[in-house]
Amino acid sequence: MEAGMNLLHDMGIQATHWLQEHFQGSQDWFLFISFAADLRNTFFVLFPTWFHFSESVGIRLIWVAVIGDWLNLVFKWILFGERPYWWVHETDYYSNTSAPDIQQFPLTCETGPGSPSGHAMGAAGVYYVMVTALLSTAMGKKQLRTLRYWVLWMVLWTGFWAVQVCVCLSRVFIAAHFPHQVIAGVISGMAVAKTFQHVRCIYHASLRRYLGITFFLFSFALGFYLLLRVLGVDLLWTLEKARRWCAHPEWVHIDTTPFASLLRNLGILFGLGLALNSHMYLESCRGEQGQQLPFRLGCIATSLLVLHLFDAFKPPSHMQLLFYVLSFCKSAAVPLATVSLIPYCISQLRATQDKKAV
């Protein structure tokens, strides 16, 4: 088993070395792809845009991203996946020869286990939701598959796989993942998104259900962590490796730790539940104005601007507990602002202007 994994890891190291050697000039492109594939951009960019065009798609985006990333965390804790940037230094596989020289980048030194890739899993799930939503819209209510539909089908799925290939190559290039880890991530992400195509209860979930699911996800993850700690298994074993082998200590960020991503995602889900069950959402998005295109475009533009400014706030990282609490609150504020607060303010402003016009 160990010999097989060493061979698989060596093939991954060779792939990383080859990419870095032959595509050094594309370094900025690969770094951009890794940045763009982060789920933060799903929450701060894609969700506000999609929600105000199609609420069901926006809601499904959040559920697929949150549940997918939660499953990714559990898989990582179970599989104990290595990462290239530390494995190449610790393995004795190269004891009789020199190990390939692997370059590191600012986005390389993630602190969690490596399998499956969270970026690949998230990108696959989120883009699968968007592609299927666009194709469903193209078919219309009559479910007609015309020539125009098949042309769009070809374009969208080609684009989907192009994005997945870019994300996978990016993660391998920066030595954050082995090839088998990104492939596993793509397959897992598509499976989660496909599953949520058939889950209808998420569109009408009550606040109690949102609270219950958020509590369950947190309790399960924390309980699993504590159980393995009692059994002598340290699920944070990767933190020491990241700090030891990262070329620059400042590249090791607390927001890449398993509990940071867990609380970020649970904050998003909790905030979505609060927003969808608030009176501000019901009065604005569910009112007459909510069906008007200018209103929706105004909500999108304002949400993107406000969230961009809001994202500039970085919780202090010197105190872990405070960082986790503020990360949860910051994440919860994203859907609250997008779904209820901003639409409500815009609707009130438009209502005031209409009264003055009369």
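In the block above lies the structure referred to throughout.
Quick look at the structure, then. Just so it is clear, the structure is predicted and the values come from calculations on it, not from any experiment.

What follows is about the packing of aromatic side chains. Describing an aromatic ring pair means giving the distance of the ring centres and the angle of the ring planes. Counted under the stated rule, the structure contains 31 aromatic pairs. Plain terms: the ring middles of Trp-29 and Phe-32 are 6.1 Å apart, the flat faces sit at 35° to each other, and that makes the pair tilted. Residue Trp-29 and its partner Phe-32 are located together in helix H2 (residues 27-36), separated by three residues, close to a single helical turn. In this structure Phe-32 comes out as partly exposed when scored by relative accessible area, which is 45%. Between Phe-105 and Phe-173 the ring centres are 5.3 Å apart and the planes differ by 25°, which places this aromatic pair in the stacked class. In this pair, Phe-105 sits in the loop between helix H5 (84-90) and helix H6 (118-139) while Phe-173 sits in helix H7 (residues 147-173), placing the two residues 68 residues apart along the sequence.

What follows is about the state of the cysteines. Using the criterion set out here, one finds one disulfide in the structure. Disulfide partner of Cys-109: Cys-246, at an S-S distance of 2.0 Å. Between Cys-109 and Cys-246 the sulfur-sulfur dihedral comes to about 90°; the bridge is accordingly right-handed. With Cys-109 in the loop between H5 and H6 and Cys-246 in the loop between helix H10 (237-245) and helix H11 (258-276), this pair connects stretches of sequence that are 137 residues apart. Of the two residues, Cys-109 and Cys-246, neither departs from the other in class, the shared state being buried. With no disulfide partner, Cys-166 has as its closest neighbouring cysteine sulfur the one in Cys-168, 9.4 Å distant. With relative accessibility at 24%, the residue Cys-166 sits in the partly exposed group.

What counts as what
- Residues numbered from 1 in each chain as written.
- Predicted model: local features only at pLDDT ≥ 70, side-chain atom pairs only at ≥ 80, totals over all residues.
- Heavy atoms only, no water.
- Phe/Tyr/Trp six-rings, centres within 6.5 Å; stacked < 30°, edge-to-face > 60°.
- Helix = DSSP H or I, 4+ residues; strand = E, 2+ residues; numbered from the N terminus.
- Buried < 20%, exposed > 50% of the residue type's maximum accessible area, 1.4 Å probe, protein only.
- Disulfide = S-S within 2.5 Å.

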